[in-house]
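# Descriptive structure summary
Each chain is listed here by its residues.
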Amino acid sequence: MTTLAPSLEALIRQLPKAELHLHLEGSIQPELALSLARKHGVSLPGALEGLEGLRRRYRYGSFEDFLSLYLAISECLVVAGDFTAIAVDLARALAAQNVRYAEVTVTPMTHVARGVPGEVVLEGLAEGRARALREHGVELAWVFDIVRNLTQQAEPTLALALRGREQGVIGLGLSGPEQAEWPREHYASIFARARDGGLHSLPHSGEFCGPEGIWDSLRWLGAERLGHGVRCLEERALVEHLVEHRIPLEVCPSSNTALHVCPSFEQHPLPRLMEAGLAVSLASDDPPLFSTTLTDEYLRCAAAFHWTEATVLSLASAAVEHSFLPEPRKRELLTTQRTVAERLRTGG
C-alpha cells in the first residue's frame, strides 16, 4: 500500500470521530475475553494455549467460523459487571483513537437465552455507558439487535429495547444469516412498533446477499441506515434510490475482506460506492476479531484508495451527519472536526 503523508496520518489520528457500526460483544479484546472466561469457567477456542492460542483463532475460513468464536466470547458475559467492564474497555479503546461518539450494537437475547436476566444486561450497559462518558469522554448509544434466524427472540428483543431507552438504546437492528428462509417481511410489525416507540431502524443488509435483501430492508423494516449495504452496486435502480433518499451505508472494509465479501482490501467496492454518490461512513464492525480499529480503517483506506485530506474529513463528517446524535451535539462535533483540521493544516 501507499505510504501516507505525515500530515494525512496526523489528521486521521487526531480528528474527532464517530463510529456507527460496532458490535459490543465483538469488541472485547482477547486479554479481557480470557480474563472473563477464567472468571466464569468458560472454555474459549485455543485458550488452553493462553492468549496467543486464542489470538490464533481470530482467522476465519467462513462466516460460521467467525460466528463460532463470537458466540464463545459472548458466553463470558454473565453478571452486570461484565457488561460494564466491556463497555468501559471499549470506551478506553475508542478514546485512544479520538472517537467521541459510537452507536454500538448489542445482541441481548444471546445472553438472556443463556439465563442472564434482561435487567442485568440493561444495568451493566447503563453503568458502562455512564463510566465511558465520565472516565473517557466517549458517548455511547446502544442498538439492540435481533438475530434473523432466531425468530422467537424478536419480541423479547423489542420489549427490552423499549425498556432500555432511558439507558441509551436508540435503535433496533437485524443481523445474522441473510438467507431467504428468514424473510425480513416476518419482522415488519416488530420494526413498525420499534419506530412508533422512538427507536431507529438499523438492519444489516447487502453484505452476503444482494440487492433484493436491501430492498426488503427498506420495504419491510423502514431502514434508516444500512449495516454494510455494499452489494447495492449490483442494481442501478437501487443505487439511484439510496442516493435519492440519502440512505447511508455503514461500510466496514476489513470485515468484508476477512469474511470474504470481497476478495481483497484493495478490491473493496468503497471507492465505487463513493463515486456513485452514496452516503457512506467508515466503521470497524468487530475490531479485535478483524485485527482493526476505526483509525486503522481510515489509514488503510487512505493508503489503498489514495485519499486526500479533504476526503478523510468528508468521511469523518459524514459519520457525524449520519448519526442519531441530537442536532446541537452534531453541530458541536462537526465544528470541532473543522477546527482540528484547520489547526493541522496551518500548523497552529
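Everything below is about the structure shown above.
Here is what the cut-offs are and how they apply
Residues numbered from 1 in each chain as written. Predicted model: local features only at pLDDT ≥ 70, side-chain atom pairs only at ≥ 80, totals over all residues. Heavy atoms only, no water. Disulfide = S-S within 2.5 Å. Buried < 20%, exposed > 50% of the residue type's maximum accessible area, 1.4 Å probe, protein only. Helix = DSSP H or I, 4+ residues; strand = E, 2+ residues; numbered from the N terminus. Contact = heavy atoms within 4.5 Å. 1 Å grid on protein atoms, 1.4 Å probe; cavity = no way out; pocket = protein on both sides within 12 Å on 5 of 7 lines; lining within 4 Å. Points joined across faces, edges and corners; volume = space filled by probe spheres on them. Nonpolar A, V, L, I, M, F, W, Y, C, P; charged D, E, K, R; others polar. Phe/Tyr/Trp six-rings, centres within 6.5 Å; stacked < 30°, edge-to-face > 60°. Pairing = 2+ DSSP bridges. Expected span 1.5 Å × (residues − 1).

In this structure the tally under the stated criterion is zero disulfides. Cys209 forms no disulfide, and the closest cysteine sulfur to it belongs to Cys232, at a distance of 14 Å. The structure places no disulfide on Cys232, whose sulfur is separated from the nearest cysteine sulfur, that of Cys262, by 14 Å. On the accessibility criterion, Cys232 (0% relative accessible area) is buried.

Moving on: the side chain of Lys330. Within the fold, Lys330 resides in helix H16 (residues 327–346). Lys330 gets classed as buried once you look at its relative accessible area, which sits at 7%. When neighbours within four sequence positions are excluded, Lys330 is seen to be in contact with Val320, Glu321, Ser323 and Leu325.

We now examine the side chain of Ser175. The topology assignment puts Ser175 in strand S4 (residues 169–175). A residue is classified by how much of its surface remains accessible, and Ser175, at 10% relative accessible area, is buried. Those residues in contact with Ser175 that sit more than four places away from it in its chain are Asp145, Ile146, Val147, Arg148 and His204.

The next point concerns the layout of surface pockets. Estimates place the volume of the largest pocket at around 460 Å³. Phe63, Leu67, Val147, Ser175 and Gly176 are the residues nearest the centre of the largest pocket, which is lined by 28 residues in total. Contributions of two or more residues to the lining of the largest pocket are made by helix H4 (63–74), helix H6 (108–112), strand S3 (139–147) and strand S6 (204–205). In terms of residue count, the dominant contributor to the lining of the largest pocket is H4 (five residues). Across the lining of the largest pocket, the residue classes tally to 12 nonpolar, 11 polar and five charged. The space that makes up the second largest pocket amounts to roughly 190 Å³. Lining the second largest pocket, in full, are Tyr58, Arg59, Tyr60, Ser254, Thr257, Ala258, Phe265, Leu289, Phe290, Ser291 and Arg300. For the lining of the second largest pocket, the residue count by class is six nonpolar, three polar and two charged.

Among the residues making up helix H2 (residues 30–40), those that are buried are Pro30, Leu32, Ala33, Leu34, Leu36 and Ala37. Turning to H2, the residues buried within the fold contact helix H3 (50–55), H4 and helix H5 (80–95). In the stretch just after H2, Gly41 is the one whose phi turns positive, near 70 degrees.

On to the packing of aromatic side chains, then. A full pass over the atoms with the stated rule returns four aromatic pairs. A centroid spacing of 5.8 Å and a plane angle of 50 degrees characterise the contact between Phe66 and Tyr70, whose relative ring orientation is tilted. With a gap of four residues between them, Phe66 and Tyr70 both fall in helix H4, about one helical turn apart. With a relative accessible area of 8%, Tyr70 lands in the buried category.

Attention shifts here to the sheet that holds S6. Strand order in the open sheet formed by four strands is S6-S7-S8-S9, and the pairing between neighbours is parallel. Edge positions in the sheet fall to S6 and strand S9 (280–282), since each of these pairs with one other strand and no more. Judged from the three bridges that link them, strand S8 (residues 249–251) and S9 form a sheet pairing that is parallel. Across the sheet, residue Val251 finds its bridge partner in S9, namely Leu282.

The next thing to look at is helix H15 (residues 309–322). For H15, spanning 14 residues, the distance from its first C-alpha to its last is 20 Å, which sits close to the expected 20 Å at 1.5 Å a residue. All of the buried residues along H15 are Val312, Leu315, Ala316, Ser317, Ala318, Ala319, Val320 and His322. Each element contacted by the buried residues of H15 is listed here: helix H1 (6–14), strand S1 (17–23), helix H13 (270–275), S9, helix H14 (294–305) and H16.

If a probe as big as a water molecule is rolled over the atoms, it shows which places are left empty. Scanning the entire structure with this criterion turns up one cavity of 30 Å³ or more. Of the volumes computed, that of the largest cavity is approximately 60 Å³. Taken together, Leu20, His21, Leu22, Thr105, Val143, Leu202, His204, Arg225 and Glu250 make up the full set of residues lining the largest cavity. If one sorts the elements of the lining of the largest cavity by residue count, S1 sits on top with three residues.

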